[in-house]
Amino acid sequence: MQGLLHNQGRMLAPQEADHSPGSSVIAEPPAEFLCPISGSLMGDPVSVPSGQVFERACIQACAALSFTPPSSGLDLSRYSPTSPLPLIPNVPLKNAILNWCARLGFPPPPPLSPHTARDIVRRLMLSHPLPSAIPTAPPQSSSRPYQAADDQYSGASSASPASSSTSSSNHHSRSTSSFSSSYDHCAPEQKVVPQIPTSPIRSDSFDENSLNGLPDADPSQQESVMMALRQATRENPARRKSLCTPCLLAALRPMLLSDNPVIQINAAAAMVNLSLETENKVRIVRSGAVSPLVEVLKGGHPEARDHAAGAIYSLALEDENRAAIGVLGAIPPLLYLFADDSADYRARREAGMALYYVSLGDMNRNKIARASGAVRSILALAGIRDGAAPAEAAAIRKLSLMVLANLAGCTDGRAVLMDSGAVAVVAGLMNEGVVSPGSAEEEYCLSALYGLSRGSLRFRGLARAAGVEAVLMRVAEEGGEGTMRREMAKRTLRAMRGEDDEAAAAAAAAGLVFGGNYDDGNVVSEGMMSFRRRPKDYGSNTTKF
């Protein structure tokens, strides 16, 4: 008998079929070679935008019948004949399947016909819900807020169905029988019964040799390699550390500048994932990756731009990287993205966090202060009131206040903030109850006022006109004994009333308040140290894309 034979969920090579059962050699296909919908070896594997891989005819049938494959998390409702689901041939995976078949003497698997695929999908629709045919994404990290359930994406090679080690034999037989009848339409000489592997799913199929000649490869191959890399960098810290080599980073940089959105998006997502590891952060910046990330921020695909903002945020967590990020031009596009109310909220949040960490550096604070319209834009965001999405508005407002508190720690920042009406904006937020008493937002308001008050006679008049004294007195009286917010309120009140001690006045007269330890950010040790720890409310950058 020609073709493949199936024996208890495993395949027998044709030359082995005539032997007795005891002498047969059993071959089990690798999990990633099987279509999650049909359960068979894929003859025409394709990747969807999320990175998952299916048999072409099967996923097309799902889209045509408006059926979402079990546990896939795909949203196929937005696709239509006029706006079809984008499908990208997964050339490396197809070659791997063909090589595996040739090595064991199997004929290459034929692509499923549309008729057969529709029958399979209809059976799935009738029996839905079935045991999970596609592995779900790893648990979401709880260390970052505002984390949507779909923030994590699969990579280039989606794993096949796999039964849990705790699954019963009934589960296995039920799963097999639910698929096997759908293969009655296969060619009689090549009938393939799907197999449910019991080995752990291996979703990392990235081959580092695929980077050789990548810039000169055709777009479909570049797409497949970037998808595989994206998936590989999601796996675990050790894998991300081992992959972050000069060779890989050099190959990744031109992919960030690709005109192909699939290549650019997956390259940017891979860069975010690589940047999660502390030891990779400096290595990535030194490799020259910041400049292409800045270009993506300026004019890349919207999704790639989101990832680029996340990568720069992650890289800016390392003190050593902040000056380079500022010098390489990241600040203007980050400011633009943060202020763009038409942009995706997650992208604005990532841009805001990147600005906060970048603005911890002296030179970058001055760059932001001197950027045309930057401070006014940040003040406008700080003054927003809750609208249709109050949680998002509050988060953007809080990020703006965090950046303003940093800007108040430098000479240029203080001057521009007072010129732009920052005292009135911050006072209004506190007086009108937009920021809640005792909240982190109130602490950033106090931090900004405290920084603006240091050595500035001009602040006194602006603060009185804005009604700052009343709110500061409330904080000074209600704050617990020795708390930082109470101390800052008291010190700001003394500055308003001209009650600073003689030493501070002499320093101000000599111009020393704006230099030395204060202007290098050490003002934080006087009153803002707790606020450098506050961003932990947002969590560290641990999202894997």
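Residues numbered from 1 in each chain as written. Predicted model: local features only at pLDDT ≥ 70, side-chain atom pairs only at ≥ 80, totals over all residues. Heavy atoms only, no water.

An unreviewed UniProt entry annotates the chain as RING-type E3 ubiquitin transferase originating from Rhynchospora tenuis. Within the UniProt record for the chain, the comment given under Pathway (unreviewed entry) is "Protein modification; protein ubiquitination." What UniProt records for the chain under Catalytic activity (unreviewed entry) is the sentence "S-ubiquitinyl-[E2 ubiquitin-conjugating enzyme]-L-cysteine + [acceptor protein]-L-lysine = [E2 ubiquitin-conjugating enzyme]-L-cysteine + N(6)-ubiquitinyl-[acceptor protein]-L-lysine." (UniProt positions renumbered as here; feature names shortened; annotations may be inferred.)

One pass over the structure, following the stated rule, counts 13 salt bridges. Measuring nitrogen to oxygen at the nearest pair gives 2.6 Å for the salt bridge that ties Arg-56 to Asp-44. A residue pair is termed long-range when its members are at least 10 positions apart, and Arg-56 in helix H1 (residues 56–64) and Asp-44 in the loop between strand E3 (26–27) and strand E4 (45–47) qualify at 12 residues. Note that Asp-119 is salt-bridged to Arg-122, the shortest N-O span being 3.7 Å. Remark: Arg-122 and Asp-119 occur in helix H3 (residues 114–127); sequence separation between them is three residues, near one turn of the helix. Residue Asp-119 is classed as buried on the basis of its relative accessible area, which comes to 13%. Look at Arg-122 and you get partly exposed, because its relative accessible area is 40%. (Salt bridge = Lys/Arg side-chain N within 4 Å of Asp/Glu carboxyl O. Helix = DSSP H or I, 4+ residues; strand = E, 2+ residues; numbered from the N terminus. Buried < 20%, exposed > 50% of the residue type's maximum accessible area, 1.4 Å probe, protein only.)

Let us look at the state of the cysteines. Taken as a whole and judged by the stated rule, the model has zero disulfides. Among the cysteines around Cys-35, which has no disulfide bond, Cys-58 carries the closest sulfur, lying 4.2 Å off. Taking the relative accessible area as the measure of exposure, Cys-35 reaches 0% and is therefore buried. Free of any disulfide, Cys-62 has its nearest neighbouring cysteine sulfur in Cys-58, separated by 7.0 Å. Judged by relative accessible area, which is 0%, Cys-62 ranks as buried. (Disulfide = S-S within 2.5 Å.)

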